[in-house]
Amino acid sequence: MKAELQGYVVGPIQTNCYILSDEETRQAILIDPGPGSDKLIAEPERQGLSLVAILMTHAHWDHIACAETFHERYRAPRYLLQAETITASDPEINLSGEFEGMGRSYDWDKLVTDGQKVEIGPFKFTCLATPGHTPGGVCYYFEKEGFLFAGDSLFEGSVGRTDFPGGSMSQLVRSLQEKVLCLPDETKVFPGHGGETEIGYERKYNPYLSMY
């Protein structure tokens, strides 16, 4: 597989939405289609890509709002960690009521579990549960490419907020320490907001990851 990654900043709070594609098969995966990513709805077709999956790192509205739009157009299955179904279903927890002005529940097609290895076409990745920002937050680790899609679990020099319903700072930090910091230093981290970083940098300089 020869991977190509494109990142887009969408929506009112600048959410990162990613399209990971394989140059050989022209298949692609969409990660975190938040509000405003519907402007990218024709992008896979424009690039001659076949969208084969939609990965959702967690079910807050700003990462999931347009998943249904892409699913309806491309019939690509939507992946979510099993522990996150309550967040997706409850408008108070997924924050759609507070930020969109109307409460919504969000659907999924396939549920994954912590440590599960998934293979979709040319793509192979591992699901790493990192609860704390939400109860069912997950990072998707593409070992061969050295990519980690971290959602709102890990940022450059920081971690996700834990003051939303279901959040826990101690749980988030421990989950990152146990599941993420063991990855190779050169692993590139693509977060849900802000710029990319690397595991080695975060292990050395992120003040939150030395807590507890």
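Above: the structure in question.
Below is a summary of the structure that appears in this document. Everything numeric in this text was worked out from a predicted model, so none of it was measured.

1. Topic: the packing of aromatic side chains
Piece 1. On inspection of all chains with the given rule, the structure shows 10 aromatic pairs.
Piece 2. Here the aromatic rings of Phe-149 and Phe-190 are separated by 5.5 Å at their centres, their planes lie at 25 degrees, and the arrangement is stacked. Linking Phe-149 in strand β10 (residues 147-151) with Phe-190 in strand β13 (residues 188-191), this pair joins segments that are 41 residues apart in sequence. Residue Phe-149 shares its accessibility class with Phe-190, and that shared class is buried.
Piece 3. Among the aromatic residues, those joined into a ring-pair cluster are Tyr-18, Phe-125, Tyr-140, Phe-142, Phe-147, Phe-149 and Phe-190.

2. A few points about the pairing of β13
Piece 1. Two strands pair when backbone bridges link them, and β10 and β13 are joined in this way by four bridges, in the parallel orientation. Directly across from Phe-149, in β13, lies its bridge partner Phe-190.
Piece 2. In this antiparallel pair of consecutive strands, β13 and strand β14 (residues 197-198), the connection spans five residues, and Gly-194 shows a positive phi of 80 degrees.

3. Quick look at the nonpolar core
Piece 1. Core analysis: the biggest nonpolar cluster contains 26 residues, and Leu-30, Leu-51, Ile-54 and Phe-70 have the highest contact counts within it.
Piece 2. Elements represented by at least two residues in this core include exactly β1 (3-10), β2 (15-22), β3 (27-31), β4 (50-55), α2 (61-64) and α3 (67-74).
Piece 3. It is α3 that provides the largest number of residues to this core, a total of three residues.
Piece 4. Sequence-distant contacts of Ile-54, defined by excluding residues within four places in its chain, comprise Leu-30, Pro-33, Ala-67, Phe-70, His-71, Ala-76, Pro-77, Arg-78 and Tyr-79.
Piece 5. Grouped together as the second largest cluster of nonpolar side chains are 22 residues, Ile-120, Cys-127, Tyr-140 and Phe-149 included.

4. Considerations on helix α7 (residues 169-179)
Piece 1. Every buried residue belonging to α7 is among Leu-172, Val-173, Ser-175 and Leu-176, and all of these are buried. Viewed along the axis of α7, the buried residues span an arc of 165 degrees, placing them on a single side of the element.
Piece 2. In this structure, the buried side of α7 is in contact with β8 (123-129), β11 (154-155) and β12 (158-159).

5. Points about the environment of Trp-61
Piece 1. As for its position among the elements, Trp-61 is in helix α2.
Piece 2. According to the relative accessible area criterion, Trp-61 is buried, its value standing at 4%.
Piece 3. Separated by 57 residues in sequence, Trp-61 and Glu-4 place their C-alpha atoms 26 Å apart.
Piece 4. Discounting residues that sit within four places of it in the chain, Trp-61 has contacts with Pro-12, Ile-13, Gly-34, Pro-35, Asn-94, Leu-95, Ser-96, Phe-99, Glu-100 and Tyr-106.

What counts as what
- Residues numbered from 1 in each chain as written.
- Predicted model: local features only at pLDDT ≥ 70, side-chain atom pairs only at ≥ 80, totals over all residues.
- Heavy atoms only, no water.
- Phe/Tyr/Trp six-rings, centres within 6.5 Å; stacked < 30°, edge-to-face > 60°.
- Helix = DSSP H or I, 4+ residues; strand = E, 2+ residues; numbered from the N terminus.
- Buried < 20%, exposed > 50% of the residue type's maximum accessible area, 1.4 Å probe, protein only.
- Pairing = 2+ DSSP bridges.
- Core = buried A, V, L, I, M, F, W, Y, C linked by side-chain atoms within 4.5 Å.
- Contact = heavy atoms within 4.5 Å.
- Arc of directions from axis to C-beta.

All quantities given are derived from atomic positions and should not be read as evidence of function.
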